Amino acid sequence: MSEDGIEAYAGVAPGSVVDGREAFGLRTRYVGTNVHCFAAVTSTSSVLRELAQEGAAAGTVVLADEQTAGRGRSGRVWFSPAGLGVWASVLLKPSVSADELAPLSIAAAVSVAGALAKSTGAPLGVKWPNDIVAEGWKLGGILVESVQTAGEKVESAVLGIGVNVGATVDDLPPELADSATSLETLLGRPVPRVDVLRATLEALEECFDLFGREGIGGFRERWRMLSSTLGQRVNVRTGETDVEGTVTDISPAGALVIETRDGVSEEVWYGDVTLRRS
Ligand code: BTN
């Protein structure tokens, strides 16, 4: 189901800046107190990067009904049609080092998958590092990009999140048809995007708070419960080499721990995971 336009979706006029707590009942302290709402942008993360450089506050959100140049991980295009998904970016001013951004994105995926599973009843999980999945199909992803750094510290970063709410197989480009799904496809009923947006932003604020206190350690248990690959035989394409083996855990720093065929435990820090059938 497509709800046309940002007005139908979030009850706000295109081009407006609203307090999400008033506009769509967000229960947060700082995430979404300023939501910049657009009908269409190239990428919500690009727009938010510019706002960050102009001094926007932590928790500022850019929301669009459509992205014409949405970005995914590893330089991939993120399919972001009008009316069918939640495409949003949140400005963070974390006191973390650049090395902690990847674990933060894992924590965010765990938090959002858990929150959306609870609020919609969909059987959601996570696929390392930061995919939101259901029954082997991908329906959401997270991309964290640093904006300003001072030495080792990240002063500001943009966390972009995409959740496919309504795109059916007929809406998807052919290259995604055998890997992507949506909340509505899974549930077989309409899912209001504003509900997904609210649950997502509330989960992200909780995530940032807990990550600030405990780092990725605060999310490992939930990761184990939600992981679609824990205990599974996988192949991880890192760009240089492929690592094959069984996923045994996520490390205290956020790496994927894989036991290879010869019984060696390897930590993988980045890459694309695929399930092996044999
Ligand atoms: C992935 O590859 O899984 C990450 C996808 C992240 C997509 C979101 S949609 C909102 C924000 N703007 C972008 O251009 N990308 C992120």
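Below or above, wherever it landed, is the structure these notes cover. (Residues numbered from 1 in each chain as written. Predicted model: local features only at pLDDT ≥ 70, side-chain atom pairs only at ≥ 80, totals over all residues. Heavy atoms only, no water.)

**Considering the sheet that holds strand 14 (residues 272-275)**
Reading across from one edge, 13-12-11-10-14 is the order of the five strands in this open sheet, with antiparallel pairing throughout. Edge strands, defined here as strands with exactly one partner in the open sheet, are strand 13 (265-268) and strand 14. For this sheet, the mean angle separating the axes of adjacent strands, direction not counted, is 45 degrees. Where strand 12 (residues 256-259) and strand 13 come together, four bridges link them in antiparallel fashion. Of the residues in strand 13, the one forming a bridge with Val-257 is Glu-267. (Pairing = 2+ DSSP bridges. Helix = DSSP H or I, 4+ residues; strand = E, 2+ residues; numbered from the N terminus. Axes fitted to C-alpha atoms, helices over the stretch in contact; angles between N-to-C directions.)

**Points about the pattern of salt bridges**
All chains considered together, the criterion is met by 15 salt bridges. The residue Asp-65 makes a salt bridge to Arg-193 at a minimum N-O spacing of 2.8 Å. On the criterion of sequence distance, the pair formed by Asp-65 in strand 3 (residues 61-67) and Arg-193 in helix 6 (residues 193-214) is long-range, its members being 128 residues apart. There is no split in this pair, since Asp-65 and Arg-193 are both buried. Between Arg-76 and Asp-272 there is a salt bridge; the shortest N-O distance is 3.1 Å. Of this pair, Arg-76 sits in the loop between strand 3 and strand 4 (85-92) while Asp-272 sits in strand 14, placing them 196 residues apart in sequence. (Salt bridge = Lys/Arg side-chain N within 4 Å of Asp/Glu carboxyl O. Buried < 20%, exposed > 50% of the residue type's maximum accessible area, 1.4 Å probe, protein only.)

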